[in-house]
Amino acid sequence: MRPEVASSVAHIDIVVTPEMVARLGDEVLHPVYSTFWLCYHAEVAARRAIEPYFEGDDNACGTALSMSHKAMAAVGASVRITARVTSVIGNRITCDIEACISGTDIVLATGQQQQAVLPTARLAELAAKAHR
């Protein structure tokens, strides 16, 4: 991992679709952007923040995610999720996450995501062991 990762920031922009609303099975609970999808997009943004700094056989896996969902976004809303690297300790990288309605100062959510950087072969070994 290149040391420049320590100042990395990544953004992803999404539009809330009907598939992203809060559901329990086939039942729509609330017709707004679900926490499930918000967390998925936070994970994607955090991965994009660190991937450009991989070297050689570097890879990473998520080890922690904490999100506070503060506001709602309707279907059709444009959302920007920002992941900012705030800590690099050994092979652990932490990103602060913020999700906002694009073009506004409405904060949908804040949180943190952590990843462990390991060689691809080591991650494959750990995954294989998990399936035994």
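Residues numbered from 1 in each chain as written. Predicted model: local features only at pLDDT ≥ 70, side-chain atom pairs only at ≥ 80, totals over all residues. Heavy atoms only, no water.

Enquirer: I'd like to hear about the pairing of strand E2 (residues 21-24), residue by residue, with values.
Expert: As judged from the 4 bridges shared by E2 and strand E3 (residues 27-33), these two strands associate in the antiparallel manner. Across the sheet, residue arginine 23 finds its bridge partner in E3, namely valine 28. (Pairing = 2+ DSSP bridges. Helix = DSSP H or I, 4+ residues; strand = E, 2+ residues; numbered from the N terminus.)

Enquirer: Tell me about the pairing of strand E1 (residues 9-15), residues and numbers included.
Expert: Residues Ala10, Ile12 and Ile14 line the buried face of E1, whereas the alternating positions Val9, His11, Asp13 and Val15 sit on a face that is not buried. Here E1 runs beside strand E5 (residues 78-89); their pairing, made up of 7 bridges, is antiparallel. For valine 15, the partnering residue across the bridge sits in E5 and is serine 78. (Buried < 20%, exposed > 50% of the residue type's maximum accessible area, 1.4 Å probe, protein only.)

Enquirer: Describe helix H1 (residues 35-50), listing the residues and the values that go with them.
Expert: End to end, H1 covers 23 Å across 16 residues, agreeing with the expected 22 Å (1.5 Å per residue, within 8%). Three or more residues of H1 are buried, namely Leu38, Cys39, His41, Ala42, Val44, Ala45, Ala46, Ala49 and Ile50. Looking at the buried residues of H1, the elements they touch are E1, E3, strand E4 (58-69), E5, strand E6 (92-101) and strand E7 (107-119). (Expected span 1.5 Å × (residues − 1). Contact = heavy atoms within 4.5 Å.)

Enquirer: Run through the nonpolar core, naming residues and quoting values.
Expert: Ranked by internal contacts, the top residues of the largest apolar core, which has 33 residues, are Ile14, Val16, Tyr33, Ala73, Val79, Ile81 and Ile97. Elements with a minimum of two residues in this core: E1, H1, E4, E5, E6 and E7. Setting aside anything within four residues of it in sequence, one finds valine 79 in contact with Ile12, Asp13, Ile14, Val16, Tyr33, Ala73, Ala99, Cys100, Ser102 and Leu108. (Core = buried A, V, L, I, M, F, W, Y, C linked by side-chain atoms within 4.5 Å.)

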